[in-house]
Amino acid sequence: MDKLMLLGDEAIAQAGMDAGISGIYAYPGTPSTEIMEYVQKSVSSPAHEIFCQWSANEKTAMEAALGMSYAGKRTMVCMKHVGLNVAADPFMNSAVTGVNGGFLIVVADDPSMHSSQNEQDSRFYGKFAMIPVLEPSNQQESYDMVFHGFELSEKFRLPVMIRITTRLSHSRAAVKGKETLDKKTLGLPADPMQFILLPGIARKRYSNLLSYQPEIEKESEHSGYNQFFQGNDNSIGFIACGLAYNYLMEIVHAKKLDHPVLKISQYPLPRLLIRKIKDQCDSLLILEEGYPLVEEFLKGFPGSDKKITGRLDGSLPREGELNPDHVAKALGFSVMEGPSVPGVVKNRPPSLCKGCGHIDMYNALIEAIETYGPGRVFSDIGCYTLGALPPFSAINSCVDMGASITMAKGAADAGLHPSVCVIGDSTFTHSGMTGLLDAVNDQSPITVIIGDNSTTGMTGGQASSATGRIEDICRGIGVLPEHIRLIIPLKKNHAENVAVMKEEFAYRGVSVIIARRECIQVANRRRKEVRTIKS
Amino acid sequence: MKTDIIIAGVGGQGILSIAACIGLAAINSNLQLKQSEVHGMSQRGGAVVSNLRLSDREIYSDLIPRGGADLILSVEPMEALRYLPWLTEGGWVVTNTTPVKNINNYPGSAEIITEIKSLKNNIIIDADEIAREIGSPRSSNMVVLGAATPFIDIDYKIFESGIAGIFERKGNDTVEINLQAMRAGREFSIKNN
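Predicted model only: the values in this text are computed from it and were never measured.

About the thresholds
Residues numbered from 1 in each chain as written. Chains lettered and ligands numbered in written order. Predicted model: local features only at pLDDT ≥ 70, side-chain atom pairs only at ≥ 80, totals over all residues. Heavy atoms only, no water. Helix = DSSP H or I, 4+ residues; strand = E, 2+ residues; numbered from the N terminus. Rg over C-alpha atoms; globule rule 2.2 N^0.38 Å. Contact = heavy atoms within 4.5 Å. Areas by Shrake-Rupley, 256 points an atom, 1.4 Å probe, with all protein chains shown as cover. Lys, Arg positive; Asp, Glu negative; His and termini not counted. Charge placed at Lys NZ, Arg CZ, Asp CG, Glu CD. Buried < 20%, exposed > 50% of the residue type's maximum accessible area, 1.4 Å probe, protein only. Pairing = 2+ DSSP bridges. Axes fitted to C-alpha atoms, helices over the stretch in contact; angles between N-to-C directions. Buried area = accessible area lost by both parts, 1.4 Å probe. Salt bridge = Lys/Arg side-chain N within 4 Å of Asp/Glu carboxyl O. Polar contact = N/O pair within 3.5 Å; in protein donor to acceptor, adjacent residues only side chain to side chain. Nonpolar A, V, L, I, M, F, W, Y, C, P; charged D, E, K, R; others polar. Patch = residues over 30% accessible without salt bridge, like charges linked within 9 Å, V, L, I, M, F, W, Y side chains within 5 Å. Core = buried A, V, L, I, M, F, W, Y, C linked by side-chain atoms within 4.5 Å. Domains from an automatic or database assignment.

(A) Structural detail: the overall build of chain B. Along the backbone of chain B there are seven helices and six strands. Moving toward the C terminus, one meets the helices and strands of chain B in the order β-α-β-β-β-α-β-α-β-α-α-α-α. For chain B, whose C-alpha radius of gyration is 16 Å, the value lies close to the compact-globule estimate of 16 Å for 193 residues. The principal-axis extent of the C-alpha atoms belonging to chain B is close to 40 × 40 × 35 Å. The contacts in chain B between residues at least 6 apart in sequence include a share of 62% that link residues at least 24 apart. Counting only carbon and sulfur atoms, one obtains 46% of the accessible surface of chain B, whose full area is about 7,800 Å². Here chain B contributes 18 positively and 22 negatively charged side chains, and the mean placements of these two sets differ by 2 Å.

Here's what the structure looks like:
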């Protein structure tokens, strides 16, 4: 089979298709978005017949995938790390129910927070749920581990997590494909009670999960992805997890080092392999992309008398993604840097695109709220979060998807008026609707501004769940029709838009202002496509 | 053979298409390749960078170590300076001169050019002007790529066949104009080196 140049994300997507998935579920989120996008681009012929539509959020995606597995078919669900928080309920419980068709949960973490609010390490979730976790170190392993993951999932009837990080998600290398597997046929679970987590049954299922633990640990001990490499100099040994292995190898080859190395890419942790390297070496350096999971585990190891270094003792930075320079420094090598960055170089943070409707929305908002003073606009996650930066400095919060509405509600309940929030259309359907229902039920006086660009903008313009139906949803939730206002965020409408906002800020009830104008990027792309078709 | 290249620019300038052209030429030369990209938030007008590593041996890290880049190729002058700590001794900086002024405190162009000129090995090219001259203002990225080709250890003919492959779909005229843009950039570099 030909080699393909694939991003880590794309390697996983290609492998899923080659390994016979019948469906993939996801909500867009950097750095995981390209997995679903690749499948969508590839599934052009009906012969593929892989379900590949975006879900409303990560929870609905996880549950739909679990349903597909219930029906006996192989499936993947993909999300970014904080998306797993949204899906945590079905995630934890899917470990207890177990699965029927092979079930892979692909989670892309974002250490260094390139496009995220935190840098949580999903390996802890895997440990928490007590399921196998695979952590590829390169693009080829990303591909191969999908097959391995399905094998494990179908052997133990458990969900299996594949954990990647930004640098692998978005780095390209040659990947060699495997022979494709046939899709599974429809087949219900052998035990009709398997998925019913009533306490009596749940206790049995949980015992079942616990009983598998020694076996899945044994899988880790014998996994081809957990490799022990002998070395002649035992003064120090290295344990490198996933991507960190590459940074270590970069330095090992550059400096011609000869120490024992344990590469870990499959969890639960292979305790026998860890004991082997620990017994053999005088000290250990632990390299992990993310939180110090292995390092903490080792420091609590019985009879832990040896020197163990890593992120916890400052040998490596406690936060942020690793790189070859960190590893070189931890091993005492000086880094031969090039010239320093001249002072003339200024920061260039991301900004709203030229011609973006959010700009006009924020300009109106800034003027309309001026008389009330600062500090009363809640927001959350999307392109519109850039409204926090100059020249707007227009929002006061960004915590999680949907929190704009609910935080505004809480502040309103506390007596803040007007209490305003800005949310995007995709984020509104992801997690905003239930919060709006709370506000309506409690008659909390808030004004919700929905910046409706009719797409999921920040992640590159994926379909948004409720394009064209935002007003209907707000009416259905119970917002009074006269307080559902539509504005077109354009410069020429500025005075009119300010007036609408002022009216609704003065109203002491729930109001929604929909600021609707298509995302400029999506509009440009569409125009380009039309031109191509015409020519 | 090992060539580590940092490709720099501003989100939306299309540095990934340059990376793809070099990547294809590398594959057609039977080299190994790793190409780290920036997706997500920074693509909205922020500073973006791609680490492109070519080698005839196994490549481990997706990221180039500091002091390791043989070439910094930038489609924007200020961005050319942002990654200098990654430049190896004797490495080259090839940059377009057209600034993207999407920040309020963007420095004066003369200051930036002075800094770039102070580097030992630099090529400063007005790729937008050259692209206009050949009648294809949208091909400035291919001009910058062309200006960088003398510093990448790949046969120029392989670059040309790669370009032909990439733009084939869009017709012969597009292939020809991009080849012309790349050639113009290359000639500029050779003349000014």
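(B) Fine view of the pairing of strand S6 (residues 160–165) of chain A. Residues and elements named next belong to chain A. Extensive coverage of S6 is indicated by the burial of six of its six residues. Of the two faces of S6, the one carrying Val160, Ile162 and Ile164 and the one carrying Met161, Arg163 and Thr165 are both buried. Examined bridge by bridge, strand S4 (residues 103–109) and S6 share six bridges and lie parallel to one another. Counterpart to alanine 108 in the pairing with S6 is isoleucine 164. Here strand S5 (residues 133–134) runs beside S6; their pairing, made up of two bridges, is parallel.

(C) Spatial organisation of the side chain of A:Arg123. Residues and elements named next belong to chain A. Mapped onto the elements of the fold, arginine 123 is located in helix H6 (residues 123–129). Classification of arginine 123 by relative accessible area gives buried; the value is 2%. Residues within four places of arginine 123 in sequence aside, it is in contact with Val133, Glu135, Arg163, Cys241, Tyr267, Glu288, Glu289, Tyr291, Leu293 and Val294.

(D) Broad picture of the sheet that holds strand S9 (residues 237–241) of chain A. All names here are of chain A. The five strands are arranged S8-S10-S9-S12-S13 in an open sheet whose pairing can be described as mixed. Looking at strand neighbours, the two that pair on one side only are strand S8 (227–229) and strand S13 (307–309), the edges of this open sheet. Along the sheet, successive strands turn relative to each other by an average axial angle of 15 degrees, direction set aside. Bridge analysis of S9 against strand S12 (residues 283–287) gives four bridges, and the strand direction is parallel. Its bridge partner lying in S12, glycine 237 is registered against leucine 284. Running at roughly 140 degrees to S9, helix H10 (residues 244–255) makes contact with S8, S9, strand S10 (261–264) and S12 of the sheet.

(E) Region of the structure containing the sheet that holds strand S1 (residues 3–7) of chain A. Judged by pairing direction, the sheet is mixed, and its eight strands sit side by side in the order S1(A)-S7(A)-S2(B)-S3(B)-S1(B)-S4(B)-S5(B)-S6(B) without closing on themselves. In the strand order of this sheet, the two ends are held by S1 of chain A together with strand S6 (122–125) of chain B, each with one partner. Taking the axes of each pair of neighbouring strands and ignoring which way they run, one obtains an average angle of 20 degrees across the sheet. The pairing of strand S2 (residues 32–36) of chain B with strand S3 (residues 47–55) of chain B spans five bridges and is classified as antiparallel. Note on S3(B): the bridge partner recorded for B:Lys34 is B:Arg53.

(F) Local environment of the interface of chain B and chain A. Taken together, the 41 residues of chain B in the interface contact 47 residues of chain A. Of all residues in chain B, B:Met41, B:Arg44 and B:Tyr60 bury the most surface against chain A, accounting for 23% of the area lost on that side. The interface formed by chain B and chain A contains six salt bridges. Note that B:Arg66 is salt-bridged to A:Glu337, the shortest N-O span being 3.1 Å. Linking chain B with chain A are 22 residue pairs in polar contact (both at pLDDT 80 or more). At the level of secondary structure, the elements contributing two or more residues to the side of chain B that touches chain A comprise S2, S3, helix H2 (77–82) and helix H3 (109–117) of chain B. Looking at the side of chain B that touches chain A residue by residue, the class counts come to 19 nonpolar, 11 polar and 11 charged.

(G) Just unusual backbone geometry, in detail. Residue and element names in this part refer to chain A. Backbone torsion omega between proline 390 and proline 391 reads 5 degrees, so that peptide bond is classified as cis. Mapped onto the elements, proline 391 comes out in the loop between strand S14 (377–379) and helix H15 (403–413). Of the consecutive residues histidine 417 and proline 418, the connecting peptide bond is found in the cis state with omega at -5 degrees. For proline 418, the position within the fold is in the loop between H15 and strand S15 (419–424).

(H) Expanded view of a positive patch on the surface. Taken together, A:Arg527, A:Lys528, A:Arg531, B:Arg138, B:Arg169 and B:Lys170 make up a surface patch of like positive charges. Summarising the element assignment, A:Arg527 is placed in helix H19 (residues 520–534). With relative accessibility at 46%, the residue A:Arg527 sits in the partly exposed group.

(I) Geometry of the pairing of S12(A). Residue and element names in this part refer to chain A. Across the five residues that make up S12, a large majority, five, are buried. Residues Ser283, Leu285 and Leu287 line one face of S12 and the alternating positions Leu284 and Ile286 line the opposite face, and both faces are buried. Sheet analysis places S12 next to S13, joined by three bridges and oriented parallel. Across the sheet, residue serine 283 finds its bridge partner in S13, namely lysine 307.

(J) The nonpolar core, seen in detail. Residues and elements named next belong to chain A. Core analysis: the biggest nonpolar cluster contains 102 residues, and Ile24, Met76 and Ile239 have the highest contact counts within it. Taken domain by domain, the makeup of this core includes at least three residues from each of domain 1 (3–186 + 194–222) and domain 2 (227–330). If near-sequence neighbours (up to four positions away) are discounted, isoleucine 24 is found in contact with Ile35, Met36, Val39, Ile50, Phe51, Cys52, Gln53, Met76 and Cys78. Ranked by size, the runner-up nonpolar core spans 51 residues in total, among them Leu365, Val479, Met501 and Phe505.

By themselves, these figures tell us nothing about what the structure is for.
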